[in-house]
Amino acid sequence: MKHLKKILGLLLSVVFLWLALRKVEFDRIPAVLGTIRPWLLPFLVVSMTCEHLGRVVRWRVILRNHPIPFFNLYAGVILGYLFNNILPARAGEFARSIYLGRKGLASISEVFGSVVTERFLDGIAVVTMLAVLLARFDLPPLVRTGMFSAVVFYAVVLGVILLLQFRRVWVDVVVDAV
């Protein structure tokens, strides 16, 4: 069974690597790399590190009832980014939850709930920025429609979260029926 998992993992890696590289124009890579401004790379590294650390601090606040070491939260965030980059459908969010759950630092469902909360907070930030842009600039109708869709989506998600939090009996009835 172990060998089958390894072979399947290798096969999936080859398939996804082929999918990722099939339309790459390899002869253009040197020209594109020549446009890089190396002096900007340290700023990129510092900026991304600060962003990751900020997410860890926010995640730690969300999971404040669990004494999870900072390093484990940081590793979870980085693993999440890794898997989000190589797997479809934001699978890295599940990887973060499974990582901390398997470490025994919190249950997988609690960690996943914190990830959902974190993503919802990200959505609120994006919707807020869109609202500010809408108020300050004359935007095309397509952008206005997209903003309205985002607001409706996050309002529905907030409603579901509040329903799950404050009307658990209703949720239990639905889950039991399914």
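To be clear, the structure that these remarks concern was listed above.
Residues numbered from 1 in each chain as written. Predicted model: local features only at pLDDT ≥ 70, side-chain atom pairs only at ≥ 80, totals over all residues. Heavy atoms only, no water.

A. Structural context of the layout of surface pockets. The computed volume of the largest pocket comes to approximately 440 Å³. Lining the largest pocket are 15 residues, and of these Gly113, Thr117, Ile161, Gln165 and Arg168 lie nearest its centre. Per-element accounting of the lining of the largest pocket gives the leading share, 5 residues, to helix α6 (residues 108-136). (1 Å grid on protein atoms, 1.4 Å probe; cavity = no way out; pocket = protein on both sides within 12 Å on 5 of 7 lines; lining within 4 Å. Points joined across faces, edges and corners; volume = space filled by probe spheres on them. Helix = DSSP H or I, 4+ residues; strand = E, 2+ residues; numbered from the N terminus.)

B. Main features of empty space enclosed by the protein. The full count for this structure, using the stated rule, is 1 cavity of 30 Å³ or more. As a volume, the largest cavity reaches approximately 30 Å³. Lining the largest cavity are Arg55, Val77, Gly80, Tyr81, Asn84, Glu93, Arg96 and Arg119. For the lining of the largest cavity, the secondary structure elements donating two or more residues are α4 (70-86) and α5 (91-102). The biggest single contributor to the lining of the largest cavity is α4, with 4 residues. Residues of the lining of the largest cavity, tallied by class, amount to 2 nonpolar, 2 polar and 4 charged. (Nonpolar A, V, L, I, M, F, W, Y, C, P; charged D, E, K, R; others polar.)

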